[in-house]
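# Reading the structure
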Amino acid sequence: MVGLGWGHRGSWIFLRGSPIIRIMYQKVSKFFPGAPLFVCAVLLAQGCASPPPSEPPPAQPEAMPAPATERFIDRLAALLGAGDIDGALALFDTLNEEEAALRQNRRLLASVLLSAGKLDEARKAALALVAEDASDVESRFVLSKIEGAAGVTKEQRRLLEGIVDEDAGHVPALNDLGLLSINKRSLREAAAFFDRALEADPESLDALHGRANVFRLERRADEAEPLYDKVVSLYPGRAESYSARGRFYRENGRMKEALADLDAAKALDGGSYWTAYDRGRVLLEIGRKREALQEFDAAIERGPGVFIAYVYSAGIRDELGDVDGAERDYAALAALRPDYYFAFEGLGIQKMKKGLYGEAALAFETAYRTAPAENSYAMLATINRLKGGEKPHEVRPFVEKAMRKIGRDRLDYYVMRLFYDFSGEADVTRRIDSEKNERVKAQMLFYLASYYDISGLNQLADKFFVEFRDMRRLDLVEWRLNEWILGQRGIHLGGGGTKDAAGTKKG
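What counts, and at which threshold
Residues numbered from 1 in each chain as written. Predicted model: local features only at pLDDT ≥ 70, side-chain atom pairs only at ≥ 80, totals over all residues. Heavy atoms only, no water. Helix = DSSP H or I, 4+ residues; strand = E, 2+ residues; numbered from the N terminus. Expected span 1.5 Å × (residues − 1). Buried < 20%, exposed > 50% of the residue type's maximum accessible area, 1.4 Å probe, protein only. Arc of directions from axis to C-beta. Contact = heavy atoms within 4.5 Å. Phe/Tyr/Trp six-rings, centres within 6.5 Å; stacked < 30°, edge-to-face > 60°. Lys NZ or Arg CZ within 6 Å of the ring centre and 35° of its normal. Salt bridge = Lys/Arg side-chain N within 4 Å of Asp/Glu carboxyl O. Core = buried A, V, L, I, M, F, W, Y, C linked by side-chain atoms within 4.5 Å.

On to helix H9 (residues 153–166), then. In this model H9 runs 20 Å from its N-terminal to its C-terminal C-alpha over 14 residues, within 8% of the 20 Å that 1.5 Å per residue would give. Every buried residue of H9 is accounted for by Gln-156, Arg-157, Leu-159, Leu-160, Ile-163 and Val-164. An end-on view of H9 places all buried positions within 165 degrees of arc, on one side of the element. Structural note: H9 exposes Lys-154, Arg-158, Asp-165 and Glu-166 on the side pointing more than 90 degrees away from its buried face. Check the buried side of H9 and you find it contacts helix H8 (137–149), helix H10 (171–183) and helix H11 (187–200).

Next comes the structure, spelled out in structure tokens:
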């Protein structure tokens, strides 16, 4: 659940009757923010929690002697809490044959394999349990988790629906069905699942968060906030209690409250990707840019395969003038999300700043292939190919292909044609002057300036770079490039005066 910032955590609420499980959860959750909590939930099937006094204890034909069980669980919790997942898996090899054959230990092994990302092994172990006893709901739930982690959501849903058909109050399965419904934007369906979970357990953390998130996504802040508050009051020692509410506050513009909650979450769990990410967003919003960058870097360190923090770290480094750092982050972002053309746009700009025009052209061409309606990428690719040493006749095939996609009634077409014909400047200048769309006019001024720059007509280039700057279109990708170009050309604008195209200082 990347989009929501909190993952599939099973339900630990059932395990509160066991001091062993509470200790295990406290240790394990620091290492794995998602799956190990689920590992703890699997122990429900092991009979660790005391049953209600009014009910006779269920038969436990497989129960191990309590001291041995406690020793194994404590050792497993210690290894997971120390981040030693390999050691945790090796611990199962220390069980004797009889203990290793117990269903509860095999189920727990499948769960730890899931936590370790060994999905094929985890699936094999869980399937064996289900094949032996199809009525074993908890093993089927483990299998549903594995299928979910593998992205096989159709099978995950089938398993979960089967579980709740047999056990209508199975809160972890209801919560996961709610999450699946959120993912497909079926918010009414998600609300129904979370409501059923809360009916079975009004204090289920995942159900409360899930229901609150449905309200949040429906923009029903007044109904979401009391649920976030309830979670904090019920679970004041849980980092996600504060991080979820902090995100809610951030999205509703309540930055002071958001930062306070996210500070609390960070104090409780300093290793959370999403706390760092959300904290970075808040710090960026209130103008503490360098502190925000530290948080995004921390998020990247914890989740280098999650793309979203790179979007912000790259942008901040770009704004701060850290060309090498921005280039690195844009490259990482492009590798993670090759469909995200803004990454190639940013990468192209950094390459251009470093004078790596051939590489910049490739980046802009990639962006253009991904977003073929963005004619500016074709122009930027053309400019960089020419600045990189290609001759006009070598660039013409690319320019001609791009021109075919542009209507002849558009200003873009005539500016693009400049790079094909290398003539017709007066006509293009006249068309730009009469353009009514301010955004398009500003963009085309930049490309006219670039055309003159490549043609060696520096005074005209400077004139149009300054005209573009005076239009103050900070929303355009060309703005960042233009500011850098003016600096490179020694055209200083601002309180100290400016220079006109001929280099004469103007007060």
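What follows continues from the structure just given.
If you walk through the whole model with that rule in mind, you get 22 aromatic pairs. Ring pairing ties together the aromatic residues Tyr-273, Trp-274, Tyr-277, Phe-296 and Tyr-312, which thus form one cluster. Seen from the ring of Phe-215, Arg-211 lies directly overhead, with NZ or CZ sitting 4.0 Å from the centre. The ring of Phe-464 has Lys-463 sitting right over it, with the charged end atom 4.3 Å from the ring centre.

With that settled, the discussion passes to the pattern of salt bridges. Scanning the entire structure with this criterion turns up 53 salt bridges. Here Arg-107 makes a salt bridge to Asp-136, at a shortest N to O gap of 3.0 Å. Separated by 29 residues along the polypeptide, Arg-107 in helix H6 (residues 103–115) and Asp-136 in the loop between helix H7 (119–132) and H8 bring together distant segments of the chain. A residue is classified by how much of its surface remains accessible, and Arg-107, at 6% relative accessible area, is buried. In this structure, Asp-261 and Arg-245 form a salt bridge, with 2.5 Å as the shortest nitrogen-oxygen distance. Taken together, the residues Asp-261 in helix H15 (residues 255–268) and Arg-245 in helix H14 (residues 239–251) connect sequence positions 16 residues apart. Accessibility assignment for this pair places Asp-261 and Arg-245 in one class, buried. Each of the salt bridges in this network shares a partner with another, and the network as a whole consists of Arg-103, Arg-106, Arg-107, Glu-132 and Asp-136.

This part takes up the nonpolar core. Core analysis: the largest hydrophobic core is formed by 100 residues, its most contacted members being Phe-364, Phe-446, Tyr-447 and Leu-448. Take this core: its biggest share by element is nine residues, from helix H26 (residues 438–454). The contact partners of Leu-448, leaving out residues within four places of it in the chain, are Leu-418, Val-428, Thr-429, Ile-432 and Phe-464. By size, the runner-up hydrophobic cluster in this structure holds 21 residues, among which are Phe-92, Leu-108, Val-112 and Leu-159.

Purely geometric stuff here, so don't read any function into it on its own.
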